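Chains, contacts and geometry: an overview
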Amino acid sequence: GAANVDPYALDDEGPVHPVTLRAFFMSKHQMTQGQWLTCAGSNPSMFRPDNGPGVTLLHPVECVNWHDCNTLLTQVGLYLPTEAQWEYAARAGTRTIWWSGNEAESLRGAANLNTSAPTPVGAYGRPNAFGLHDVAGNVWEWCREPCGSYNDSVTPGDGERRATTSSM
């Protein structure tokens, strides 16, 4: 019920707390199947061009686990964002529940909330104020650290939680 708190958030997704971050890079889109295929040599996605009408290599890669994502990104000189980095990038400086506003209807035209099939990256809705697409809906994103308590301490600069317990 507090300001900028998702009313659909689970009990273990809080409490809201301040984190100071250094500058960081974030991809404008989710990783595409074509990018994954180029880097990994295979496409693990369930919704693939050879497995569904209208699906292209511009659709986000899905059906990948955290370990495979982390390994592939490390091999190409990238890394998963911390949850604090992802949250900051997704909110794009707003103080509303979602970057698009406080009402669920504000996500209309800004997020693919159809859980049955992803859409090509960046094709569904408008970007947030930082120019990032698909930060709400389409497919889930992995973050660097395992799920842990928000009472755990964080690493200065990137906000990585030093989880003492994990549910990953």
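So, here's what we can say about the structure.

Criteria and cut-off values
- Residues numbered from 1 in each chain as written.
- Predicted model: local features only at pLDDT ≥ 70, side-chain atom pairs only at ≥ 80, totals over all residues.
- Heavy atoms only, no water.
- Axes fitted to C-alpha atoms, helices over the stretch in contact; angles between N-to-C directions.
- Helix = DSSP H or I, 4+ residues; strand = E, 2+ residues; numbered from the N terminus.
- Parallel < 35°, antiparallel > 145°, perpendicular 65-115°, else oblique.
- Left-handed = near helix turned anticlockwise from the far one by under 90°.
- Contact = heavy atoms within 4.5 Å.
- Buried < 20%, exposed > 50% of the residue type's maximum accessible area, 1.4 Å probe, protein only.
- Polar contact = N/O pair within 3.5 Å; in protein donor to acceptor, adjacent residues only side chain to side chain.
- Phe/Tyr/Trp six-rings, centres within 6.5 Å; stacked < 30°, edge-to-face > 60°.
- Lys NZ or Arg CZ within 6 Å of the ring centre and 35° of its normal.

1. Let's talk about the packing of helix α1 (residues 33-40) against helix α2 (residues 66-75)
- The interhelical angle for the contact between α1 and α2, taken along N-to-C directions, is 70 degrees, at an axis separation of 11 Å. One finds that α1 runs roughly perpendicular with respect to α2. Of the two elements, α1 crosses α2, and the hand of that crossing is left-handed. Contacts between α1 and α2 pair Trp 36, Cys 39 and Ala 40 from the former with Asp 68, Cys 69 and Leu 72 from the latter.

2. Thoughts on unusual backbone geometry
- The backbone of Asp 134 shows a phi angle near 60 degrees, a positive value even though the residue is not glycine.
- Summarising the element assignment, Asp 134 is placed in the segment after α3 (83-91).
- Although it is not a glycine, Asn 138 sits at a positive phi angle of roughly 70 degrees.
- Taking the relative accessible area as the measure of exposure, Asn 138 reaches 11% and is therefore buried.

3. Thoughts on the environment of Glu 13
- Turning to its location among the elements, Glu 13 is positioned in the segment before α1.
- Between the C-alpha atom of Glu 13 and that of Ser 149, which follows or precedes it by 136 residues, the distance is 8.4 Å.
- Within the local environment of Glu 13, its side chain forms a polar contact with the backbone nitrogen of Leu 10, the two atoms lying 2.6 Å apart.

4. Let's talk about the packing of aromatic side chains
- Going through the model one piece at a time under the given rule, you end up with three aromatic pairs.
- Geometrically, the ring pair formed by Phe 24 and Tyr 88 is edge-to-face, given 6.3 Å between the ring centres and 65 degrees between the ring planes. Taken together, the positions of Phe 24 in the segment before α1 and Tyr 88 in helix α3 put the pair 64 residues apart, joining distant regions of the chain.
- Exposure remark for Tyr 88: the relative accessible area of 45% places this residue in the partly exposed category.
- Over the face of the ring belonging to Tyr 150 we find Arg 161, whose NZ or CZ atom lies 4.2 Å from the ring centre.

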